[in-house]
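Inside the fold
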Amino acid sequence: MSDPSDRLPPLNALRAFEAAARRLSFTQAAEELNVTPGAISQQIRQLEEYAGTPLFKRTGRSVLLTDAAQASLPLVRDAFERISEAGRIMQAPARKGRVMVSSAPSFAAKWLAPRLDGFHREHGETEAWISADMGLTDFTTADADFAIRYGRGNYDGLKSEKLMDETVLPVCSPALLEGSDAIRKPSDLRHHTLIHDESNENDPSCPDWASWLRARNVKDVEGSRGPRFNQAILVIEAAAAGRGVALAKRAIAAADLASGRLVAPFADGSHLIDFGYWIVYPKGRHLTPDVRNFIKWLKTEATNSEVVGV
């Protein structure tokens, strides 16, 4: 007979525990798992009865983890990742010919999507699906094979492969290079609206207009004026529409620079920043040949996508 102490904890209760512990909220865990807060509480009680010890400290509307919960949470998360990976391996024959990649909307729309026809021409047997989401991919629940993230490449529990660096540079409509107020040098920006990227993807090394102008000793242009947008893609569209000059991420502006919708008015206007784009996926994940081919293609595209100011 098996030892009663070896019996497995209830799986649904473990899922409720992992979600509640990660979010430190029964309500948010309930929303994530599409159940009621009462159901989460019931499953947590069931798990505490199994463990023989409290797992949460209730403090009003919030909860804190007990020592037992803090010690077991990493193991529970690792177990779910392994179960998820086992399911992916089981589904491998059904997933053949499909790659799912998660990316921020701006990068997906402006860099990745315009290039997909090239991938499909080279790999007609494989379909590439894009999931554009502002939030970070949770690989314990998401169907994505991998994600493309903007940052420094340090992500707990994930393997990171550098896709490409990022630079910031001024861009505008070609129309702004003509007429009596044509842009020829940075000081000419005093005649034009400055467009600001206020997206949450910016990193501390990314210059704003004030610091970009200061670095070029431009003193007669007020760097704080002009409209602000909370997504990089909106910054690009405003500049392409002729609303002003944007300080934009090179990768997000690349397709519009290549098509001529945008131009980079200053040859020395680029500024390399600390953040870059990274291919990330769980450590130990089995990558199918289709996924490996797609990643290889992505890296080739990134190498070939260098944009030079005009």
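These lines cover the structure that appears in this document, whether it is placed above or below. (Residues numbered from 1 in each chain as written. Predicted model: local features only at pLDDT ≥ 70, side-chain atom pairs only at ≥ 80, totals over all residues. Heavy atoms only, no water.)

**Side note on helix H1 (residues 11-23)**
Spanning 13 residues, H1 covers 19 Å between terminal C-alpha atoms, matching the ideal 18 Å at 1.5 Å per step. Taken residue by residue, H1 has Ala-13, Leu-14, Ala-16, Phe-17, Glu-18, Ala-19, Ala-20 and Ala-21 as its buried positions. One or two steps after H1, the chain reaches Leu-24, where phi turns positive at roughly 50°. (Helix = DSSP H or I, 4+ residues; strand = E, 2+ residues; numbered from the N terminus. Expected span 1.5 Å × (residues − 1). Buried < 20%, exposed > 50% of the residue type's maximum accessible area, 1.4 Å probe, protein only.)

**Some remarks on the packing of helix H9 (residues 232-240) against helix H10 (residues 250-259)**
At their nearest, the axes of H9 and H10 sit 10 Å apart, and the two run at 30° to each other. On the basis of the axis angle, H9 is roughly parallel to H10. By crossing handedness, the relation of H9 to H10 is classed as right-handed. In contact with Ala-232, Ile-233 and Ile-236 of H9, H10 contributes Ile-252, Ala-253 and Asp-256. For the contact of H9 with H10, a count of residues per class yields five nonpolar, no polar and one charged. (Axes fitted to C-alpha atoms, helices over the stretch in contact; angles between N-to-C directions. Parallel < 35°, antiparallel > 145°, perpendicular 65-115°, else oblique. Left-handed = near helix turned anticlockwise from the far one by under 90°. Contact = heavy atoms within 4.5 Å. Nonpolar A, V, L, I, M, F, W, Y, C, P; charged D, E, K, R; others polar.)

**With respect to the sheet that holds strand S6 (residues 158-171)**
Taken in spatial order, the eight strands make up an open sheet running S4-S3-S5-S10-S6-S9-S7-S8, and their pairing is mixed. Across the chains shown, the open sheet's two edge strands, defined by having one partner strand only, are strand S4 (127-132) and strand S8 (228-229). Sheet topology places strand S7 (residues 194-197) next to strand S9 (residues 245-249); two bridges connect them, and they run parallel. Looking at the pairing, Leu-194 lines up with Val-245 of S9. Of the strands in this sheet, strand S3 (98-103), S4, strand S5 (146-151), S6 and strand S10 (271-282) touch helix H11 (residues 289-303), which is tilted by about 30° from S6. (Pairing = 2+ DSSP bridges.)

**Re the side chain of Ser-103**
Examined against the element boundaries, Ser-103 turns out to sit in strand S3. By relative accessible area, Ser-103 is classed as buried at 2%. If we skip the residues at most four places from it in the chain, Ser-103 touches Ala-108, Ser-131, Ala-132, Asp-133 and Ile-148.

**Some details on the environment of Asp-78**
Looking at where Asp-78 falls in the secondary structure, it is placed in helix H4 (residues 67-90). Asp-78 sits in the partly exposed class, given a relative accessible area of 33%. Through-space distance from the C-alpha of Asp-78 to that of Gly-157 is 8.9 Å; in sequence the pair is 79 residues apart.

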